[in-house]
Amino acid sequence: MKFYPKFKDVPVPLTELIPTMTKASLAQVRAAIEQRNGKSFAQSFGALSASCSNCHEAANHPFVKIQAPTEAMFSNQKFAP
């Protein structure tokens, strides 16, 4: 977002799109961490992952889906069509 505020053919600048799509779910994750609430964290992390995937779809990159990690390295991204 910092280095590419306008990305290819995305109709909205990333500096607007990303905060709009993720601000609420990031706040929920932060609150769950501060409360040390594992159940709330899992739910809010799922919501954040969905927000990120929705943002990718809005940016014309629907093939990039974010999911909860299943392994150590980069397992939170799914590139299957």
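These lines cover the structure that appears in this document, whether it is placed above or below.

1. Remarks on the nonpolar core
So, point 1. Membership of the largest hydrophobic core is limited to 5 residues, which are Val10, Leu14, Leu17, Cys55 and Ala59.
So, point 2. Dropping the residues within four chain positions of it, alanine 59 is found in contact with Val10 and Leu17.

2. Focus on helix α2 (residues 38-58)
So, point 1. For α2, built from 21 residues, the straight-helix expectation of 30 Å at 1.5 Å per residue is met to within 8% by its first-to-last C-alpha distance of 30 Å.
So, point 2. Where α2 is buried, its residues contact α1 (14-35) and β1 (65-66).
So, point 3. Two to three positions downstream of the cap, the backbone nitrogen of lysine 39 sits 3.2 Å from a side-chain oxygen, assigning the N-cap of α2 to asparagine 37.
So, point 4. Residue asparagine 60 follows α2 closely and has a positive phi angle near 65°.

3. A few points about the state of the cysteines
So, point 1. For the structure on display, the rule yields 0 disulfides.
So, point 2. The closest cysteine sulfur to the non-disulfide-bonded cysteine 52 is located on cysteine 55, 7.2 Å from its own sulfur.
So, point 3. On the accessibility criterion, cysteine 52 (24% relative accessible area) is partly exposed.
So, point 4. For cysteine 55, a relative accessible area of 8% corresponds to the buried category.

4. Describing unusual backbone geometry
So, point 1. Although it is not a glycine, lysine 8 adopts a positive phi angle of roughly 40°.
So, point 2. Assignment of secondary structure puts lysine 8 in the segment before α1.
So, point 3. Assessed through its relative accessible area of 65%, lysine 8 is described here as exposed.
So, point 4. Its identity as a non-glycine residue notwithstanding, arginine 36 has a phi of 55°, on the positive side.
So, point 5. Relative to the helices and strands, arginine 36 is located in the loop between α1 and α2.

What counts as what
- Residues numbered from 1 in each chain as written.
- Predicted model: local features only at pLDDT ≥ 70, side-chain atom pairs only at ≥ 80, totals over all residues.
- Heavy atoms only, no water.
- Core = buried A, V, L, I, M, F, W, Y, C linked by side-chain atoms within 4.5 Å.
- Buried < 20%, exposed > 50% of the residue type's maximum accessible area, 1.4 Å probe, protein only.
- Contact = heavy atoms within 4.5 Å.
- Helix = DSSP H or I, 4+ residues; strand = E, 2+ residues; numbered from the N terminus.
- Expected span 1.5 Å × (residues − 1).
- Polar contact = N/O pair within 3.5 Å; in protein donor to acceptor, adjacent residues only side chain to side chain.
- Disulfide = S-S within 2.5 Å.

None of this, on its own, says anything about what the molecule does.
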